[in-house]
Structure formats: structure tokens, C-alpha cells
Amino acid sequence: MPPRVSDVMTAQPLTLPLDATLYEAARIMRDEGIGDVLVTFAGRLCGVVTDRDIVVRGVAESRDASRTPLGDVCTADLTTLNPDDDTGTAARLMAEQAVRRLPVVDAEHRPIGILCIGDLAVADGQRGPLSAISKAPPNN
């Protein structure tokens, strides 16, 4: 039986409220060496913003990063996981949705983790480039 999502996810993901700015998200991503931040409203997951979103939907459209709220650029149509889902389900959803990461939420839709494709590679004990890259520290 495949491991549960809660066994391999990154717990306590970084979150910002919907009205936080692109600048705030970019600084957190830089400081923490990550490529995404979960977006919340009243503590519940409502979106995800990635470094690519900031570039494509923010910078490339000449938005002021210090004034543009995450709500203007984040992806709000999300597929999520529950901590008790198995990693096989997670892999299937990633393939179906063509995404590399899935937020993990509790029963009240509060974010409790994030599962990345690299987490699945490491959990499956794969040997090869994806597993090795996923285990390596981020290059800032």
C-alpha cells in the first residue's frame, strides 16, 4: 500500500492572506528558498501563488509588486489533498491536472501541508535525477 500524503508532505506550508502583495510573496520565496506560497482568506485556502505567477501575471504585465494583492494573480481553482489520501491518489491527480504540487487541507479547508512531485519521487525511493534533485538544498 502506498504511503499516506501526511507521511511525505511538507507540513506547515508558508501562507499569506489574499490581500498580501506580490512583493511580500516574492520576499518569502526568496528568503525561504521556495517557489510557492499558499493564499488564504480567513485562515482557509483560497489559492496558490508561484514564482512563475509573479513573473507572468505580475511583472510581465507591469503590475506594481508593492501594491498588487495576491488575489489578482494567484490560481484559485485548486485541486487539494487530504492528509489521509495515499500517494498513489496524489500522483494520479498531479498527472490528471498537470500540476507539480498539491495543497493538503484539513476538514475545514485550512492548509496543513503541500505535496510536491519531488516528495513523491523521494517517498517512492526512486533512484535517478528527480529524486536527487528533490533531496538537494535549493540554490538561491
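Look above for the structure.
Residues numbered from 1 in each chain as written. Predicted model: local features only at pLDDT ≥ 70, side-chain atom pairs only at ≥ 80, totals over all residues. Heavy atoms only, no water.

(A) Spatial organisation of the nonpolar core. Residues Leu16, Ala20, Leu22, Ala25, Met29, Val37, Val39, Val49, Ile54, Leu70, Val73 and Cys74 constitute the largest nonpolar core, which totals twelve residues. Those elements giving two or more residues to this core turn out to be helix 2 (22-32) and strand 3 (36-41). A per-element tally of this core places helix 2 first, with three residues. Contact partners of Ala25, with chain neighbours within four places excluded, come to Leu16, Val37, Val49, Ile54 and Leu70. Counting eleven residues, the second largest nonpolar core, distinct from the first, contains Val8, Leu81, Val104 and Leu115. (Core = buried A, V, L, I, M, F, W, Y, C linked by side-chain atoms within 4.5 Å. Buried < 20%, exposed > 50% of the residue type's maximum accessible area, 1.4 Å probe, protein only. Helix = DSSP H or I, 4+ residues; strand = E, 2+ residues; numbered from the N terminus. Contact = heavy atoms within 4.5 Å.)

(B) Representation of the environment of Ala76 within the structure. With respect to the helices and strands, the residue Ala76 is situated in the loop between helix 3 (51-58) and helix 4 (87-97). Distance from Ala76 to Val39, taken between C-alpha atoms, is 8.8 Å for residues 37 residues apart in sequence. Ignoring any residue separated from it by four or fewer positions in sequence, one finds Ala76 in contact with Cys46 and Gly47.

(C) Representation of the side chain of Thr21 within the structure. Inspection of the secondary structure assignment puts Thr21 in the loop between strand 2 (15-17) and helix 2. Dropping the residues within four chain positions of it, Thr21 is found in contact with Ala65, Ser66, Arg67, Thr68, Pro69 and Leu70.

(D) Quick peek at the pattern of salt bridges. Tallying each qualifying case throughout the model produces ten salt bridges. Between Asp31 and Arg30 there is a salt bridge, with the nearest N and O atoms lying 2.8 Å from each other. Under the relative-accessibility criterion, Arg30 is labelled exposed at 53%. Ionic pairing is found between Arg63 and Asp72, a salt bridge with its closest N-O pair at 3.8 Å. For Asp72, a relative accessible area of 45% translates into the label partly exposed. In this structure, a network of salt bridges that share partners links the residues Glu61, Arg63 and Asp72. (Salt bridge = Lys/Arg side-chain N within 4 Å of Asp/Glu carboxyl O.)

(E) Region of interest: the packing of helix 2 against helix 3. For the pair helix 2 and helix 3, the least separation of the axes is 10 Å and the interaxial angle reads 145°. When you trace helix 2 past helix 3, the crossing you get is left-handed. Residues Leu22, Ala25, Ala26 and Met29 of helix 2 form the contact with helix 3, whose own contacting residues are Asp51, Ile54 and Gly58. (Axes fitted to C-alpha atoms, helices over the stretch in contact; angles between N-to-C directions. Left-handed = near helix turned anticlockwise from the far one by under 90°.)

(F) Representation of the sheet that holds strand 5 (residues 101-105) within the structure. Spatially, three strands are ordered 1-6-5 in an open sheet, and the strand pairing comes out antiparallel. Here the strands that pair on one side only, and so sit at the sheet edges, are strand 1 (10-11) and strand 5. Where strand 1 and strand 6 (residues 111-116) come together, two bridges link them in antiparallel fashion. Counted as the bridge partner of Ala11 is Gly113 from strand 6. The strands touched by helix 4 within the sheet are strand 5 and strand 6, with strand 5 carrying the most contacts at an inclination of about 130°. (Pairing = 2+ DSSP bridges.)

(G) Main features of the pairing of strand 6. Relative to strand 6, strand 5 runs antiparallel, the two being bridged by five bridges. Residue pairing for strand 6: Pro103 is matched across the bridge by Ile114.

(H) Up close: the side chain of Thr50. Inspection of the secondary structure puts Thr50 in strand 4 (residues 44-50). The exposure class assigned to Thr50 is buried, which follows from its relative accessible area of 12%. With residues up to four places along the chain from it excluded, the contact list for Thr50 reads Met29, Gly35, Asp36 and Arg101.

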